[in-house]
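These are the residues of each chain, in order.
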Amino acid sequence: MLSVPDYEFWFVTGSQHLYGEEQLKSVAKDAQDIADKLNASGKLPYKVVFKDVMTTAESITNFMKEVNYNDKVAGVITWMHTFSPAKNWIRGTELLQKPLLHLATQYLNNIPYADIDFDYMNLNQSAHGDREYAYINARLQKNNKIVYGYWGDSEVQDKIASWEDVAVAYNESFKVKVARFGDTMRNVAVTEGDKVQAQIQMGWTVDYYGIGDLVEEINKVKDADIDKEYADLESKYTMVQGDNDADKYTKSVRTQLKQYIGIKSFLEKGGYTAFTTNFEDLWGMEQLPGLAAQLLIRDGYGFGAEGDWKTAALGRVMKIMSHGKKTAFMEDYTLDLRKGHEAILGSHMLEVDPTIASDKPRVEVHPLDIGGKADPARLVFTGSEGDAIDVTVSDFRDGFKMISYAVAAHKPEAETPKLPVAKQLWTPKVGLEKGALAWMQAGGGHHTMLSFALTEEQMEDFATMVNMNKAFIK
Ligand code: MN
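Residues numbered from 1 in each chain as written. Predicted model: local features only at pLDDT ≥ 70, side-chain atom pairs only at ≥ 80, totals over all residues. Heavy atoms only, no water.

1. Examining the packing of aromatic side chains
The test is simple: A pair of Phe, Tyr and Trp rings is counted when the ring centres sit within 6.5 Å of each other, with Trp represented by its six-membered ring. The angle between the planes then sorts it: under 30 degrees is stacked, over 60 is edge-to-face, the rest tilted. Runs of H or I in DSSP of at least four residues are treated as helices and runs of E of at least two as strands, each being numbered from the N terminus. Charge-over-ring contacts are defined here by two conditions on Lys NZ or Arg CZ: a distance within 6 Å of the ring centre and an angle within 35 degrees of the ring normal.
Per the counting criterion, the structure on display carries 15 aromatic pairs. Their ring planes at 65° and their centres at 6.0 Å tell us that F11 and F50 sit as a pair that is edge-to-face. Here F11, found in strand 1 (residues 8-14), pairs with F50, found in strand 2 (residues 47-54); they are 39 residues apart in sequence, far enough to count as distant. Cation over ring: K310 sits above W309, and NZ or CZ is 5.7 Å from the ring centre. The ring of F396 has K401 lying over it, and the distance from NZ or CZ to the ring centre is 4.7 Å.

Pasting the structure below:
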């Protein structure tokens, strides 16, 4: 399994010296209490560390520099306990290169009518302190997140938790390396894009390799290692020989496992966390990677078929954001346009992610009828039901654009005995016609990432962080 470092978030509180040292001690105590309780809530995927009360431009600037420099820190959470003159924040905030969450909250969630006095007001000035501070972030065009509400409420804590996952994915996005085995599919447009711009904006390194380099690595795989993976496969999935004779079945499965081990070794050596294949570029390979690709996707690698490096990189980012849960490469495959049944059947020839399976995947061997190679083994299963989102990225002359809608995911109405692929159905929540029209008018392609674990808000936050254009269909 590909892993993600155990990041932390640094929390600071804004104040000033108008009301004396005693007040500042109270500010620090309250902020520490908030950090402790957020951590104790058990909701946050990454720890919040309270660092200090910030009162001067110099301390804020030094703090932001340290955040930039420290690889353990994924981002900053700020809160204005009192009135903190926003001019103090300009230099430091300008220098900040990591995600910023402004937690606009108040230590108490009520107005203490009986006891409220000017001492209380001098200490608790979030109501206008947070506005003053938000102004400067808006003015600096920081594209920061603002979470508003009482810090002790579970909805507010959920929002902080969701944002933490996005912020970590943003940090990790700059480490995403995609190995392209072969080029993009001939004649296809939407899978193309500006790789240099993708690296500048999202941090994605996208490198090409000739198939010969990969075949060489696959040919080094030892039989004993394939035996081990075969036993692992048998322990996790149902082996279905079907109409194949035993030798053909075993050989096909072993060929895929050999590719799995070989591709993984190639990716590990180069530090790659995502990859693409192309059925038009298979020189020297016995089969198109099917089961091999599915096992790598399961392990957390991003994947794009037909050379689609944008979806491969997006897939890796979304797997980081979702902790590897139920987030799959998909293709709009075929449609049910009948009234009352409106749905998109999503699938791919072979490479469907088993993390969305609702039943135990079966290892099957069937002809592919494309690419002119031997019959590939693949995992066949049924997708899941529930709320999900579907996301893609297209490239235009005015930049990358994220296109997305919320969907209701469901299972196929019947089996497809003659189409042995893993299947997932979904219907855009705005309706199939409205959703599909808006998607196509925005220029969204047929390759997508479908996630049961992430929300539209998270994807919008990510698009905002990387300054991507957005078409969120609602
Ligand atoms: Mn495709």
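Having put the structure on the table, let's press on.
2. Points about the packing of helix 8 (residues 211-219) against helix 10 (residues 246-270)
Definition in use: For helices, the fitted line uses only the C-alpha atoms of the stretch in contact; every axis is such a line through C-alpha atoms, and the angle between N-to-C directions lies from 0 to 180 degrees. Take the far helix as the reference: if the near one is turned anticlockwise from it by less than a right angle, the crossing is left-handed, and if turned clockwise, right-handed. Only heavy atoms matter for contacts: two residues are in contact if any of them lie within 4.5 Å across the pair.
At their nearest, the axes of helix 8 and helix 10 sit 8 Å apart, and the two run at 115° to each other. Helix-helix and strand crossings are classified by hand; for helix 8 and helix 10 the assignment is right-handed. Note on element contacts: helix 10 touches helix 8 through K258, Q259, G262, I263, S265, F266 and K269, opposite D213, L214, E217, I218 and N219.

3. A closer look at the coordination of the manganese ion
Six octahedrally arranged donors around a metal ideally form angles of 90 or 180 degrees; four tetrahedrally arranged donors ideally form angles of 109.5 degrees. As a reminder, the rule being used: Keep in mind that water is not among the atoms, so a site may look incomplete; donors are the N, O and S atoms within 2.8 Å of the metal, or 3.2 Å for Na, K and Ca. Accessible area is worked out with a 1.4 Å probe on protein chains only. A residue is then buried under 20% of its type maximum, exposed over 50%, and partly exposed in between.
Protein coordination of the manganese ion is provided by E306 (OE), E331 (OE), H348 (NE2) and H447 (NE2), with donor distances spanning 1.9 to 2.3 Å. Donor residues for the manganese ion sit on one chain with the sequence pattern E-x24-E-x16-H-x98-H. Of the two residues, H348 sits in the loop between strand 12 (343-347) and strand 13 (362-365) while H447 sits in strand 18 (residues 447-451), which places them 99 residues apart along the sequence. For H348, a relative accessible area of 1% puts it in the buried group. By relative accessible area, which is 2% here, H447 ends up buried.

4. Structural notes on the sheet that holds strand 7 (residues 205-209)
As a reminder, the rule being used: Any two strands between which DSSP finds at least two bridges are classified as paired.
The strand order across the open sheet built from four strands is 7-6-9-10, with neighbouring strands paired in parallel fashion. Of all strands in the sheet, those bounded by a partner on one side alone are strand 7 and strand 10 (302-304). Direction aside, the axes of adjacent strands within the sheet are offset by 20° on average. Pairing of strand 9 (residues 274-276) with strand 10 involves three bridges; the strand directions are parallel.

5. A look at helix 8
Stated precisely, the cut-off is as follows: The reported arc concerns the directions from the helix axis to the C-beta atoms and nothing else.
Taken residue by residue, helix 8 has I211, L214, V215, E217 and I218 as its buried positions. The arc enclosing the buried residues of helix 8, seen along the axis, measures out at 160°, which places them on a common side. Helix 8 presents E216 and N219 as exposed residues on the side facing more than 90 degrees away from its buried surface. Where helix 8 is buried, its residues contact strand 6 (177-181), strand 7 and helix 10.

6. A short note on the UniProt feature "domain: L-arabinose isomerase central" (unreviewed entry) in the protein chain
Applicable threshold: UniProt positions are given in the numbering used here, feature names are shortened, and annotations may be inferred rather than shown by experiment.
In the numbering used here, UniProt assigns the "domain: L-arabinose isomerase central" (unreviewed entry) feature to residues 177-324. Helix and strand shares over residues 177-324 are 51% and 12% respectively, and the end C-alpha atoms of the span are 17 Å apart.

7. What to know about the side chain of T311
If you trace the backbone, T311 turns up in helix 12 (residues 309-321). T311 has contacts with F303, F329, H447, T448 and M449, leaving out every residue within four places of it along the chain.

8. Considering the environment of S26
Tracing the chain through its elements places S26 in helix 1 (residues 21-40). Given a relative accessible area of 26%, S26 falls into the partly exposed group. Sequence spacing of S26 and E58 is 32 residues, and the spatial spacing of their C-alpha atoms is 22 Å.

9. A few points about a nonpolar patch on the surface
Test applied: Residues enter patches when their relative accessible area tops 30% and they take part in no salt bridge; the joining distance is 9 Å for like charges and 5 Å for the nonpolar side chains Val, Leu, Ile, Met, Phe, Trp and Tyr. The accessible surface values rely on the Shrake-Rupley method and a 1.4 Å probe; as for residues, cover is taken only from the protein chains in view. Within this document, salt bridges are pairs made up of a side-chain nitrogen of Lys or Arg and a carboxyl oxygen of Asp or Glu, the two lying within 4 Å of each other.
Taken together, the side chains of I111, Y113, I116, F118 and M121 present a nonpolar region at the surface, about 580 Å² in accessible area. Position of M121 among the secondary structure elements: in helix 4 (residues 118-123).

10. A look at the sheet that holds strand 4 (residues 100-104)
Taken in spatial order, the five strands make up an open sheet running 2-1-3-4-5, and their pairing is parallel. Across the chains shown, the open sheet's two edge strands, defined by having one partner strand only, are strand 2 and strand 5 (145-148). The mean inter-strand angle of the sheet, taken between neighbouring strand axes irrespective of direction, is 25°. In this structure, strand 3 (residues 73-80) lies alongside strand 4, joined through three bridges in parallel fashion. Residue pairing in the sheet places V76 in a bridge with L100 of strand 4. Against the sheet, helix 1 makes contact with strand 1, strand 2 and strand 3, and its axis sits at roughly 170° relative to strand 2, the strand it touches most.

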